[in-house]
Amino acid sequence: MTTTGGTRSFGIDNSARTKPAPYGAAAETKKEGSKLHVGADIHLKGEITACDRLIVEGKVEASMTSKEIEISESGMFNGTVDIDTADISGKFDGTMKARKRLVIRKTGCVTGTISYGEIEIEPGGEIGGSMQKIAGEQPNLLTAMEKDKGKTEESETKAEKESV
């Protein structure tokens, strides 16, 4: 526990907090959007929703739709992402749809089914799997997968009824 100026910080960066407004003035607001930071020793599994920016230093096994993902050198992501921009310095394995831009840094490794608007690969960056350039506007990847799953379940139910 550290104290600064008579307040306890408990590991929280007090400079990142919004400052209280002087009497009679409007409060300061930050328009940064929602951000999730997965630290180096953290392992996160599940579905990530309502997150504008994901920063991965640990390990994530998830599906998400967002604006930005950044995977640091120590970070690993396994799953499905539908994203505007991706900046990969660590490892990604799965299905990625980078609607606007995919950047693979010199320490980055991306494998799986990848679609992108623009791509940049630094010397040393690795990429493997199925690649496809996105032409024009594309529907949300996770929504399309859910629709396909619903159609499959619907056809299985119909086939079961016909066989009875």
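The coordinates are above.
Since we're looking at a predicted model, the values are computed, not measured.

Engineer: Explanation requested: the overall build of the protein in the structure shown.
Structural biologist: Helix and strand counts for the protein stand at one helix and 11 strands. If you list the helices and strands of the protein from N to C, you get β-β-β-β-β-β-β-β-β-β-β-α. For the protein, buried positions account for 28% of its 164 residues. Pairs at least 24 apart in sequence give 8% of the contacts found in the protein among residues at least 6 apart.

Engineer: Which parts of the structure should I look at to understand the packing of aromatic side chains?
Structural biologist: Both the distance between ring centres and the angle between the ring planes are used here to describe each pair of aromatic rings. If you walk through the whole model with that rule in mind, you get one aromatic pair. On the basis of an interplanar angle of 10 degrees and a centroid distance of 5.6 Å, the ring pair of Phe 77 and Phe 92 is categorised as stacked. Residue Phe 77 is found in strand β8 (residues 76-88), and its partner Phe 92 is found in strand β9 (residues 91-104); the two are separated by 15 residues along the sequence. Classification of Phe 77 as buried rests on a relative accessible area of 1%.

Engineer: Would you mind showing me how to read the nonpolar core here?
Structural biologist: Looking at soluble globular proteins, one finds that nonpolar side chains tend to be buried together. Leu 54, Met 64, Ile 69, Phe 77, Phe 92, Met 96 and Leu 102 are the most contacted members of the largest nonpolar core, which totals 23 residues. In this structure, Leu 102 is in contact with Ala 86, Ile 88, Met 96, Ile 114, Tyr 116, Glu 118, Ile 119 and Glu 120, ignoring residues within four places of it in sequence.

Engineer: Please clarify how a nonpolar patch on the surface should be interpreted in this entry.
Structural biologist: A surface patch of nonpolar side chains, amounting to about 280 Å² of accessible area, comprises Ile 119, Ile 121, Ile 127 and Met 131. When you line up the elements, Ile 127 lands in strand β11 (residues 126-133). Take Ile 127: its relative accessible area is 33%, and that puts it in the partly exposed class.

Engineer: What's the story with unusual backbone geometry in this structure? I'm lost.
Structural biologist: As a rule of thumb, non-glycine residues mostly have phi less than zero, and peptide bonds are mostly trans rather than cis. Despite not being glycine, Ala 50 shows a phi value in the positive range, around 55 degrees. Within the secondary structure, Ala 50 sits in the loop between β4 (43-48) and β5 (53-56).

Engineer: What's the story with the pairing of β8 in this structure? I'm lost.
Structural biologist: On any regular strand, side chains alternate: one points to one face of the sheet, the next to the other face. Across seven bridges, strand β6 (residues 59-65) lies against β8 in parallel orientation. By the bridge assignment for β8, Met 64 is matched with Val 81. Of the pairings in the sheet, the one linking strand β7 (residues 68-71) to β8 comprises four bridges and is parallel in character. Within the sheet, the bridge partner assigned to Glu 68 lies in β8 and is Thr 85. Where β8 and β9 come together, 12 bridges link them in parallel fashion. Along β9, the bridge assignment pairs Met 76 with Lys 91.

Engineer: Got a minute to help me understand the pairing of β6 in this structure?
Structural biologist: Along β6, the buried face is formed by Val 60, Ala 62 and Met 64; none of Lys 59, Glu 61, Ser 63 and Thr 65, which line the opposite face, is buried. Sheet analysis places β4 next to β6, joined by six bridges and oriented parallel. Each bridged residue has a counterpart across the sheet, and for Glu 47 the counterpart in β6 is Ser 63.

Engineer: Looking at this structure, how should I read the side chain of Ser 89?
Structural biologist: Within the secondary structure, Ser 89 is located in the loop between β8 and β9. The contact partners of Ser 89, leaving out residues within four places of it in the chain, are Ile 71, Ser 72, Glu 73, Arg 105, Thr 107 and Gly 108.

Rules of the game
Residues numbered from 1 in each chain as written. Predicted model: local features only at pLDDT ≥ 70, side-chain atom pairs only at ≥ 80, totals over all residues. Heavy atoms only, no water. Helix = DSSP H or I, 4+ residues; strand = E, 2+ residues; numbered from the N terminus. Buried < 20%, exposed > 50% of the residue type's maximum accessible area, 1.4 Å probe, protein only. Contact = heavy atoms within 4.5 Å. Phe/Tyr/Trp six-rings, centres within 6.5 Å; stacked < 30°, edge-to-face > 60°. Core = buried A, V, L, I, M, F, W, Y, C linked by side-chain atoms within 4.5 Å. Patch = residues over 30% accessible without salt bridge, like charges linked within 9 Å, V, L, I, M, F, W, Y side chains within 5 Å. Areas by Shrake-Rupley, 256 points an atom, 1.4 Å probe, with all protein chains shown as cover. Salt bridge = Lys/Arg side-chain N within 4 Å of Asp/Glu carboxyl O. Pairing = 2+ DSSP bridges.

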